[in-house]
Amino acid sequence: MPLTILVGAQWGDEGKGKATDLLARDSDYVVRYQGGNNAGHTILVGRQLLKLHLVPSGILYPTVTPVIADGVVVDPAVLLEEMDELAARGIDPTRLVVSGNAHLIMPYHLELDKLTERFLGKQRLGTTKRGIGPAYADKASRIGLRVQDLTDPRIFRKKLDAVLKEKNLILTKVYNRLPLEAEQIAEVYLAMGERLAPHVADTSSLLHAALRHGERVLLEGAQGTLLDLDHGTYPFVTSSNPIAGGALAGTGLGPKEVDAVVGVAKAPDVRGGPGGRNDHRQEPPMRMAGRRPASLRRASERPDRTVPDEARRAHRSSRDQGLHRLPLQREGVRGLPPTPDDPPQGRAGLRDPGWLAGGPRRDHAVRGSPRTRPHVCRSHSRARRRSDPPAVRRPRTRPDPGERRVNVLVVGAGGREHALCWRLSRDRSVDRVWAAPGNAGIAEVATVTPVPVDDSRAILELVEKESIDLTVIGPEAPLVSGLADELMARGHPVFGPTAAGARIEGSKAWARRLCEDHGIPVPLSGRFVRVGPAMEFLDSLEAPYVIKADGLAGGKGVVIAEDRSGAREALEDRLVRGAFGDAGRTVLVEQYLEGREVSALALTDGRTLLPLPLAQDFKRAGEGDRGPNTGGMGSYSPPAFIDTETETMVTERVLAATVRALEAEGLAYRGVLYAGLMLTDDGPRVLEFNCRFGDPETQVILPRLGSDLGEALARCARGDLGELRLAREENACVGIVLASKGYPGAARTGFPIDGLADAARMEGVMVFHAATEMRQGRVITAGGRVLTVSALGPTVEEARTRAYEACARIHFEGITYRRDIARSAAGRTVG
């Protein structure tokens, strides 16, 4: 009978996922028989990147039934998220079948996995912190909850209460953590069970029946023969004997039904010879201070993944099946393609063009401990102070003869993107700047093309057509949706994190969990999906209350409620009325903090940190910090209340600690890390993270830079920030946002803007366009935040005076702006 088992012959990642892609086409059923959501692989569907961790990639074939069998431990949240992503990509997930006997990964498994690793310190086991090991331990002890329990609320709650009593004792008595609430767990899990119920089945009987009818079944697992319970070679426990026999145990099939066993192992790729880019014997020392960082395994450590000809013959596959090959510009090899160089988080490939920004090529593997402190490159000021701020259009430095200059694409259409294009257009490392889609102001400093930020296919075509060397992604939405992943998979360098890293902004709940797990200071908070428990949590807090939508809300998802009635209104607005759609299905209820807010940004290549000048943002729509929250009504830099000691504390306790946390989570975060902080009497507390440059902070930070930004962004993209420094101009910058009437609500637009040229001619003034477009030769308003008027000066007061004088020269119907930006800092001398 045609049953083929695919097993790995080594520890961990042998390439079984890609072998599954190759063999699945000739199968009727593709079955996961072991593992959890730490496994899986990244593939291309057309030109879209797709990450599969639980669902077998056989789902990509309409004729294949994908099966999650008995031996898999399932995190239902991850599974549903994966199914939703498949549906969004036009792939039908309804064919998926999930075994009712598969065990569940519960919240206490996640907690214990992370806490145990932290408790062990240097003796940690090296788990993925996804709760997989503890879930297998409960399975082996016969106290685990199963998928089928989700379909019966009475049984689920009874089993949960029994198990949680023991788990809470461990959490409270051993690790000094708060106990988990059974009611909240049951509410969330039973809701997910309703969605999974149509997929739950007796997969053992299903597969027996399929084999009796002569259908072809492929079993693909999650680990190799060196990992087993009997010999203790895997953290916690996993299924015993994870070889062909383990595959059968995980599916309920018998040994007489096996037709073929395919073993997959890595083979070293020595192309390039000794000392070449794939020479594993060389490992130059890290250019970092302190201990060495966590292992970020490069492709040079992941040799070519090949499938033997015998495997194809056993499965009746042709040699030419090359499904989901990553298109590479180097010569391929027989079998599956090699992994691209230097993969970031999510295993998307990022090729390593050594010429980018004139930097050296990195050919060595990066190893080390995840507890290592990232290297912090200190920015420095120029030796002399400029008495007069530089003009907006100062002459561009002529490049050295023969210097390699790059083409840069900036994705976005706001004031932040205008500031980036303006800055990059003046850099010696940059040849030409493109913007997609851009705006009327960006068109003055870059070549604009009407490609929407959410059209990843069109952006990819633009990058390849125009030979773009570096793509800088401005807004958060395309980062969260995975634009960086798609570009990296095609070998295009990107400044901006992949979707996995962008969760730091895309999910406030995920970011808060990251902080709590890694000791990054945050306010007291709770995460809720129902109004009732959220209102009960308010009893532990004092008014006012902070209510936040979990997902992206365009800077409008935060409400500061003065009393319980206002808090209830905000909660019902998000959780009941769905004001923010999916972004508001989960909310954070957070402690209100007193202090001064500051925006801290840094460039990072995933290991090294390069802080940018600090800034203060003004979020409220009205003067005196009153009114609703907005995306930002103004900003200035440097904040008057920050001294060197405080800046160092912010860098070390928050920014560097977050890079370490992301690295420990297995995320090679490459881009800008933004932390919105409250400086309290007890030190800084993180209010929010962003995965991109802030707006309007960028419009006051970039004018203060005295170094080549293009080189820094390019080196971040290729993971080689090294010892680079960014000089800071010894001046202040103040930015005022000019908005349309009605903002942050419905704004009236389409009005001509006068006085732009007059304002821009002022000394030290820059007018950055945010929501403008050109119509019949006139610049008109096209959104809520229309312009940011920024001005430089030797003091905050002088910069502020210039900025407001420039604002007074600009006119459009309904113009509105705050008159108190940086008022309290006026008079401070910089330097």
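Above this note sits the structure.
Asker: Hey, could you run me through the sheet that holds strand β29 (residues 683-690) in this one?
Answerer: Backbone hydrogen bonds are what pair the strands of a sheet, in a parallel or an antiparallel way. What the four strands build is an open sheet, ordered β23-β22-β28-β29; its pairing is antiparallel. For this open sheet the edge positions go to β23 (609-611) and β29, each flanked by a neighbour on one side alone. Averaged over all neighbouring strand pairs, the angle between strand axes comes to 35 degrees, with direction disregarded. Note: strand β22 (residues 596-604) against strand β28 (residues 671-680), nine bridges, orientation antiparallel. Across the sheet, S599 pairs through a bridge with G676, a residue of β28.

Asker: What is the right way to read the sheet that holds strand β15 (residues 447-448) from this model?
Answerer: Strands sit in the order β15-β14-β13-β16-β17 across an open sheet of five strands; the sheet is parallel. A single partner strand is all that each edge strand has here, and the edge strands are β15 and β17 (494-495). Of the pairings in the sheet, the one linking strand β16 (residues 470-473) to β17 comprises two bridges and is parallel in character. Bridge pairing in β17 links T471 to V494. Of the strands in this sheet, β14 (430-437), β16 and β17 touch helix α20 (residues 709-717), which is tilted by about 95 degrees from β16.

Asker: Help me understand the pattern of salt bridges, please; the structure alone is not making it clear to me.
Answerer: Pairing between side chains becomes possible if they bear opposite charge and their charged atoms approach one another. All told, the structure shown has 43 salt bridges when counted by the stated rule. One salt bridge in this structure joins D149 and K159, with 2.8 Å as the shortest N-O distance. Highlighted residues: D149 in the loop between α4 (132-141) and α5 (153-174) and K159 in helix α5, separated in sequence by 10 residues. D149 gets classed as buried once you look at its relative accessible area, which sits at 5%. Residue K159 is classed as partly exposed on the basis of its relative accessible area of 27%.

Asker: Help me understand the environment of A739 in this model?
Answerer: Structurally, A739 can be placed in strand β31 (residues 732-739). Through-space distance from the C-alpha of A739 to that of L787 is 7.0 Å; in sequence the pair is 48 residues apart. Excluding its chain neighbours within four sequence positions, the residues that come into contact with A739 are M633, G784, R785, V786, F812, G814, I815 and T816.

Asker: Whenever I open this one, the packing of helix α2 (residues 76-88) against helix α6 (residues 182-196) confuses me. Can you help?
Answerer: In a packed pair of helices, the relevant descriptors are the angle between the two axes and the axis-to-axis distance. Between α2 and α6, the least distance of the axes is 10 Å, while the angle of their chain directions is 45 degrees. Taken together, the axes of α2 and α6 are oblique relative to one another. In this structure, α2 meets α6 at a crossing whose hand is left-handed. Between α2 and α6, the residues in contact are P76, A77, L79, L80, M83 and D84 and Y189, M192, R195 and L196, respectively. Residues that form the contact of α2 with α6 fall into these classes: eight nonpolar, no polar and two charged.

What counts and how
- Residues numbered from 1 in each chain as written.
- Predicted model: local features only at pLDDT ≥ 70, side-chain atom pairs only at ≥ 80, totals over all residues.
- Heavy atoms only, no water.
- Pairing = 2+ DSSP bridges.
- Helix = DSSP H or I, 4+ residues; strand = E, 2+ residues; numbered from the N terminus.
- Axes fitted to C-alpha atoms, helices over the stretch in contact; angles between N-to-C directions.
- Contact = heavy atoms within 4.5 Å.
- Salt bridge = Lys/Arg side-chain N within 4 Å of Asp/Glu carboxyl O.
- Buried < 20%, exposed > 50% of the residue type's maximum accessible area, 1.4 Å probe, protein only.
- Parallel < 35°, antiparallel > 145°, perpendicular 65-115°, else oblique.
- Left-handed = near helix turned anticlockwise from the far one by under 90°.
- Nonpolar A, V, L, I, M, F, W, Y, C, P; charged D, E, K, R; others polar.

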